[in-house]
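Remarks on the overall topology
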Amino acid sequence: MRSLVALALVAVLGINTATAAEPAKPNIVIIFIDDLGYADIGPFGATKQKTPNLDRMAEQGMKLTSFYAAPVCSVSRAQLMTGCYGARISVPGVFFPAGPQGLNPKEVTIAERLKEQGYATQCVGKWHLGDQPEFLPTKQGFDHYFGIPYSNDMQRKSKETGERVVPLLRDDKVAELLTDAQQSRIVERYTDEAVGFIRKNKDKPFFLYMPHTAVHTPIFPGEKFRGKSANGRFGDWVEEMDWSVGQVLDTLRELKLQDNTLVVFTSDNGPWLTKGADGGNAKPLRGSKGSTWEGGVRVPTIAWWPGKIAPKAVNDTVAGTIDLLPTCVALAGGKVPAEPIIDGRDMSPVLFGTSKDSPREAHYYFSGYNLQAVRQGPWKLAIVAQQDALGAKGLAEDTKTNPRLYNLDKDIGETTNLADKHPEIVEKLKALATKMNDEIGGQKPSARRPAGVVKDPKTLYPTDETPKAKDAAKPAALDNLKPGDAIDSGVAPQIGGKAFTLSCQIETELGDTVIVAHGGASAGYALHLRENRVVFSLRTGANDAITEIRSEPIKGLVRITATVGKDGEIALAVGEQSIVKGKAPSPVPRQPQEDFCLGHDNGHPVANYSKGKPFVGKITEMKLTVP
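Our subject in this report is the structure included herewith. (Residues numbered from 1 in each chain as written. Predicted model: local features only at pLDDT ≥ 70, side-chain atom pairs only at ≥ 80, totals over all residues. Heavy atoms only, no water.)

A few words now on the overall build of the protein. For the protein, the helix and strand inventory stands at 11 helices and 30 strands. For 627 residues, the compact-globule estimate of 2.2 N^0.38 gives 25 Å, and the protein sits close to it at 26 Å. With the C-alpha coordinates of the protein rotated into their principal frame, the extents come out at 100 × 65 × 55 Å. Within the protein, buried positions represent 56% of all 627 residues. If you sum the accessible surface of the protein, you get close to 25,700 Å²; carbon and sulfur atoms cover 52% of it. Considering the protein, the positive charge centre built from 76 side chains and the negative charge centre built from 73 side chains are found 1 Å apart. (Helix = DSSP H or I, 4+ residues; strand = E, 2+ residues; numbered from the N terminus. Rg over C-alpha atoms; globule rule 2.2 N^0.38 Å. Buried < 20%, exposed > 50% of the residue type's maximum accessible area, 1.4 Å probe, protein only. Areas by Shrake-Rupley, 256 points an atom, 1.4 Å probe, with all protein chains shown as cover. Lys, Arg positive; Asp, Glu negative; His and termini not counted. Charge placed at Lys NZ, Arg CZ, Asp CG, Glu CD.)

The following block contains the structure:
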C-alpha cells in the first residue's frame, strides 16, 4: 500500500526520479608529460611549436599558473599517485632499472581510491615507480598497464639481440623490446591504447592516467611530425604530444562524455635545459629540471571540464600534483581517511571558481630529503643554496646568501632578495619550514614512511651489459681534474659492487665542503669536510642507508686515503692520524648514474652535507683504483 501511495505522489507532483538519483560519477583523465617546460606550449607562451589542441583546451578550461610538481621524474609520479611529498613516502630521487626500491605497495594510490568508488582504471605510458613485479601499476590499483616502465634513456643491451632497448609492458609482462628507432611510434601507440580504453569503458566511470614518455630525451617524434615544427625535433615531439591530447579530447566529445569528464594536463617537472636544443623552455621562470627554482617545479597545467570549469579561466592559486588524489576522490563521491597522512588537499573549489585560496597552508620545495624552500601566497623563502639545473656546474653567486625571500607575484624570475625588508615574513616561513623538515625532511624525520624493497632485483628482460673491449669508454684521468669539474659516470672508475681505494691530497681553509661526490639519493660515495673533519660516506640505498666514518680535525696540507672492501668494510686514513674503520652493509651496489664531481656536487647529495660551499683550495694527486 505504501509503495502505491509513493507512486501516486510521484505522478501527482511530477517528481523526476532521474534528478533525484545520485549524479553520475565523473570520468577522470590525467595527462602527465615528461620534462615539459613552463613555456613549451601555446597557452603558456610557446611560439615555435604549435599546440592547437592545448590552445583549445585552455580556451574551454582553466590555466593553473602556480601549479607544482617536483624536481625529477620518480618523485613527481609518487606525489601524484599518493598525494604525498616524495620525502614522506621515501621516494627522494629517480628509480633505475632493476633497482631494489620502488613505491611501497602499502601506499594507497589514486587508482586504488577510485577503484573503491567503482572506477575502471588504466595506466598508459611511463610508470617510473619501480620496475620490479611488486611495484608495477597492476599492483598499485590499475586494472591494466601499457607502457615503458621508466625513462626512455634507460636502455640496456639485450642479451638476445645485442641492441640497446627499453621494454614495452602489457600489464606485468614484457610485450616487446623497443630500439631507439621503434620509440618513434610510442606516442601513437599510447594514444591508440588510451582511446581504446575510453571507448571500452564509456558506459561506466573510468580513470585514465596517461604519463607520456615524451618529451624526455632522447627525442623521437613520429614520422608524420618529423621536421614539421620551427623548433627542431623537440618542437616536433611537442606537436605530436599535442595531437595526442587532441585525440583524447575528440574521443570524449564524440562519445558525448565531455560534460562528465575532468581532464588535467600537466608535467612532471621543468625542462631539462642542460640538454640544449632538446631541453625545452622555462621562461620567464628561473632554473630547470633538477632544481627547486620555479623553473624546475612550476609546470604548465590546464584543467578542462565543459560546464563545470569556466572557459578562458586563469588561476594563480598555489596547488600541485599532491592535490590531485584528494580532489579526484572527492569528485568521485569518496573521502580520503585521516590515516595514512597525505599532504594534498581537495582543490575542486579552485577548479570550479568558488575559491581562490590555496587548499594548503604552504607549499614545500624538497630536493630529495633536503627541504630547500617554502611558499605561502606570493612569498617564497629559499633556505639553502639551489642549483640551477640537473647536471649544472657550480652555483650562482646570489644563492650563497641564505635565507632569500622572493615575491613571486612581482618577481616571478626570483631575482631580488627581499629578506632584509620583510624579517617578519622570513621568520614566519622559517617556522613553517622547520616544522615540515622535522616531520619528513633530513635524516631523522618523525613521520616518514618506508619505500618498498625487494630482494635480488632483476632486469625485466635478459641483458648483456659487459662492453666489448673496443667499445669500452676510455676512463677519464682523475688527476687532471680541477675543483668544479665533473665527468660522466660512464668514464669514471666503475665501482658498482666492487672494492676500491680513493686517495688525494687537499689543502683548504674551509671546514664544510665537498671534496669528491659520485652518486645521488640511492647509491654512491663522497669524501667531504664537516666541522673541519674529513668524512667518508658510503650510500648503499635510499633513506638513511648511509655509512660514514670521520677523522679528527685537520689543518693545512693533508693526504687522505679511503678504502672500501668487498664485504663493505671501509677505512679512512688522514695524514698521521690513526686509521678509522667502519662497516657498511655492502660496497656501493651499482655504478652511480650521476656525474663524478670534484670539489662540489651537481646533483642530489650523496650524504649528509651542504652543497652551498664549493671547494676552495687545492686538490691534487686524485686517484681511484679498483683491484
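We now examine the nonpolar core. Ranked by size, the top nonpolar core spans 49 residues in total, and within it Met57, Met241, Leu252 and Phe265 carry the most contacts. Looking at this core, the element that brings in the most residues is helix α7 (residues 232–254), giving 8 residues. In contact with Leu252, other than residues within four places in its own chain, are Ile198, Phe206, Leu257, Gln258, Thr261, Val263 and Trp304. If you look at the next biggest cluster of nonpolar residues, it comprises 46 residues, including Phe32, Met81, Leu103 and Met347. (Core = buried A, V, L, I, M, F, W, Y, C linked by side-chain atoms within 4.5 Å. Contact = heavy atoms within 4.5 Å.)

Further remarks concern the pattern of salt bridges. Inspection of the entire model under this criterion finds 28 salt bridges. Across the pair Arg360 and Asp323 runs a salt bridge, and its minimum N-O distance is 2.9 Å. Of this pair, Arg360 sits in the loop between α10 (348–351) and β15 (363–367) while Asp323 is found in the loop between β14 (319–320) and α9 (324–331), placing the two residues 37 residues apart along the sequence. Residue Glu548 pairs with Arg530 through a salt bridge whose shortest N-O separation is 2.9 Å. Remark: Arg530 occurs in strand β23 (residues 524–530) and Glu548 occurs in strand β25 (residues 546–553); sequence separation between them is 18 residues. Through salt bridges with shared partners, a single network forms among Asp34, Arg77, Lys126 and Asp268. (Salt bridge = Lys/Arg side-chain N within 4 Å of Asp/Glu carboxyl O.)

Next up on the list: the sheet that holds strand β17 (residues 379–382). With respect to topology, 4 strands assemble into an open sheet ordered β15-β16-β17-β18, the strand pairing being antiparallel. On the outer flanks of this sheet lie β15 and β18 (404–407), each paired with one strand and no other. The sheet shows a mean angle of 20° between the axes of neighbouring strands, taken without regard to direction. Sitting on the sheet, helix α11 (residues 423–440) is in contact with β15, β16 (370–376), β17 and β18, with an inclination near 135° to β16. (Pairing = 2+ DSSP bridges. Axes fitted to C-alpha atoms, helices over the stretch in contact; angles between N-to-C directions.)

Positionally, Asn104 belongs in the loop between β4 (101–102) and α5 (110–115). What makes Asn104 buried here is its relative accessible area of 10%. For Asn104, the side chain forms a polar contact with the main-chain oxygen of Pro450, separated by 3.1 Å. Setting aside residues up to four positions removed in sequence, Asn104 forms contacts with Gln140, Pro450, Ala451 and Gly452. (Polar contact = N/O pair within 3.5 Å; in protein donor to acceptor, adjacent residues only side chain to side chain.)

The sheet built from 5 strands is open, its strands ordered β28-β27-β26-β21-β30 with antiparallel pairing. Each end of this open sheet is capped by a strand with a single partner; those strands are β28 (580–583) and β30 (618–625). Here the strands of the sheet are splayed against their neighbours by 10° on average, with no regard to which way each runs. Where strand β21 (residues 500–507) lies against β30, 6 bridges are found, and the strand directions are antiparallel.

What follows is about the pairing of strand β27 (residues 569–574). Remark: a regular strand shows side chains that alternate across the two faces of the sheet. As paired elements, strand β26 (residues 558–564) and β27 share 5 bridges and run antiparallel to each other. Counted as the bridge partner of Val564 is Ile570 from β27. Where β26 hands over to β27, the hairpin turn is made up of 4 residues, of which Gly568 adopts a positive phi near 100°. In terms of strand pairing, β27 meets β28 through 4 bridges, oriented antiparallel.

Where helix α6 (residues 186–200) meets α7, the closest approach of the two axes is 10 Å, and the angle between their N-to-C directions is 10°. One way to sum up the angle between α6 and α7 is to call them roughly parallel. Residues Ile186, Val187, Glu188, Thr191, Val195, Ile198 and Arg199 of α6 form the contact with α7, whose participating residues are Trp237, Glu240, Trp243, Ser244, Gln247, Val248, Thr251, Leu252 and Glu254. Looking at the contact of α6 with α7 residue by residue, the classes come out as 8 nonpolar, 4 polar and 4 charged. (Parallel < 35°, antiparallel > 145°, perpendicular 65-115°, else oblique. Nonpolar A, V, L, I, M, F, W, Y, C, P; charged D, E, K, R; others polar.)

Relative to the helices and strands, Thr82 resides in helix α4 (residues 73–82). Separated by 2.8 Å, the side chain of Thr82 and the backbone oxygen of Ala78 make a polar contact. Excluding residues within four positions of it along the chain, Thr82 makes contact with Ile89, Leu103, Glu107, Val108, Leu325 and Ile342.

On to the environment of Lys25, then. With respect to the helices, strands and loops of the structure, Lys25 is situated in the loop between α2 (17–20) and β1 (27–33). C-alpha separation for the pair Lys25 and Ala332, spaced 307 residues apart in sequence, amounts to 5.3 Å. What Lys25 contacts, discounting residues up to four positions off in sequence, is Gln117, Tyr119, Pro205, Asn260, Ala332 and Gly333. Here Gln117 takes part through its side chain, which lies 3.4 Å from a polar atom of the side chain of Lys25.

As a further point, take the packing of aromatic side chains. One pass over the structure, following the stated rule, counts 14 aromatic pairs. Judged by centre distance (6.1 Å) and plane angle (85°), the ring pair of Tyr85 and Tyr364 falls under edge-to-face. In this pair, Tyr85 sits in the loop between α4 and β4 while Tyr364 sits in strand β15, placing the two residues 279 residues apart along the sequence. What makes Tyr364 buried here is its relative accessible area of 8%. Seen in terms of ring centroids, Phe146 and Tyr190 are 6.5 Å apart; in terms of plane orientation they differ by 85°. Their pairing is edge-to-face. Placement of the pair is Phe146 in strand β6 (residues 144–147) and Tyr190 in helix α6, with a sequence separation of 44 residues. Positioned above the aromatic ring of Phe44, the side-chain terminus of Lys63 is 5.0 Å from the ring centre. The ring of Trp272 has Lys289 sitting right over it, with the charged end atom 3.8 Å from the ring centre. (Phe/Tyr/Trp six-rings, centres within 6.5 Å; stacked < 30°, edge-to-face > 60°. Lys NZ or Arg CZ within 6 Å of the ring centre and 35° of its normal.)

To continue, consider α7. Helix length check: α7 (23 residues) gives 33 Å between terminal C-alpha atoms against 33 Å at 1.5 Å per residue, within 8%. Most of α7 is tucked away, with 17 of its 23 residues classed as buried. Just downstream of α7, Lys256 is the residue with a positive phi angle, here 60°. (Expected span 1.5 Å × (residues − 1).)

The next subject is unusual backbone geometry. A cis amide bond links Glu339 with the next residue in sequence, Pro340, at an omega value of -5°. Following the sequence through the fold, Pro340 ends up in the loop between α9 and α10. Residue Pro403 is reached from Asn402 by a cis peptide bond, and omega for that bond is 0°. The residue Pro403 is located in the loop between β17 and β18 in this model. Non-glycine residue Asp35 carries a positive phi angle of around 65°. Within the secondary structure, Asp35 sits in the loop between β1 and α3 (52–60). According to the relative accessible area criterion, Asp35 is buried, its value standing at 3%. The phi torsion at Glu621 lies on the positive side, around 55°, for a residue other than glycine. Looking at the secondary structure, you find Glu621 in strand β30. The exposure class assigned to Glu621 is partly exposed, which follows from its relative accessible area of 42%.

In short, the description is geometric, and any link to function would need to be established separately.
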